[in-house]
Amino acid sequence: MATKKVTVTIPEDLLDEIRAEAAERGMSAYVAEALRFKRDRDRLRELSDWLQEEHGALTEEERTAAFEELEDLDAEHERRRAAGKQSAGEAA
């Protein structure tokens, strides 16, 4: 895949946090992943807007159920992330 070097300005405190998170995989990979994530979220929001235009807004019940499912997914992600860090620590 072709790549292109760019220059961006990032707040210093955020840059420090990103460097700590990106240490192993590298800053470029971290930033590319973050940009892909943002692009995907923007596309998802566009889809959500289109669906609401077509089918109407979500009910409060639907919205609550969706947020509960997202919370469950976030909890599972954190559980797996913690388990992965534990496994990496045991292997060292």
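Scroll up to find the structure.
Going along each chain's sequence as written, the residues are numbered from 1 onward. A pLDDT threshold of at least 70 governs which residues receive local features in this predicted model, and a stricter bar of 80 or more applies before side-chain atom pairs are shown or counted, although totals over entire chains, interfaces and linings include all residues. Just so you know, side-chain values use all the structure's heavy atoms and leave hydrogens and water out.

Visitor: Any chance you could explain helix H1 (residues 12-22) here in plain terms?
Guide: A turn of α-helix holds 3.6 residues, and therefore any two residues three or four places apart point the same way. Three labels apply to residues, based on accessible area from a 1.4 Å probe with only protein chains included: buried if under 20% of the type maximum, exposed if over 50%, partly exposed otherwise in between. Under the scheme used here, helices are H or I runs from DSSP no shorter than 4 residues and strands are E runs no shorter than 2 residues, and both carry numbers assigned from the N terminus. Three or more residues of H1 are buried, namely Leu 15, Ile 18 and Ala 22. Projection of H1 onto a plane perpendicular to its axis shows the buried side chains occupying an angular sector of 65°, all on one side. Residues of H1 that are exposed and point over 90 degrees away from its buried face: Asp 13, Glu 17 and Ala 20. For H1, the secondary structure elements touched by its buried residues are helix H2 (27-55). The directions from the helix axis to the C-beta atoms are what the arc is built from. By definition, residues are in contact when any of their heavy atoms lie within 4.5 Å.

Visitor: How should I be thinking about the layout of surface pockets in this particular structure?
Guide: The rolling of a water-molecule-sized probe over the atoms marks out the regions of remaining empty space. In this analysis, the protein atoms alone were mapped onto a 1 Å grid. Cavities are point sets where a 1.4 Å probe fits without being able to get out; pockets are open sets with protein on both sides within 12 Å along at least five of seven lines; lining residues have an atom within 4 Å of a point. Grid points are joined across faces, edges and corners, and a volume is the space filled by probe spheres set on the points. Considering only enclosed or pocket space, the largest pocket measures out at about 680 Å³ in volume. As for the largest pocket, its lining consists of 15 residues, of which Leu 44, Arg 45, Ser 48, Leu 58 and Leu 70 are closest to the centre. Elements that contribute at least two residues to the lining of the largest pocket include exactly H2 and helix H3 (60-91). A total of 9 residues in the lining of the largest pocket trace back to one element, the largest contributor, which is H2. Note that Gly is not counted as nonpolar here; it falls among the polar residues with everything else outside the nonpolar set of Ala, Val, Leu, Ile, Met, Phe, Trp, Tyr, Cys and Pro and the charged set of Asp, Glu, Lys and Arg. Of the residues that constitute the lining of the largest pocket, the class distribution is 7 nonpolar, 4 polar and 4 charged. Empty space within the second largest pocket amounts to approximately 540 Å³. Lining the second largest pocket are 16 residues, and of these Lys 4, Lys 5, Val 6, Ser 28 and Val 31 lie nearest its centre.

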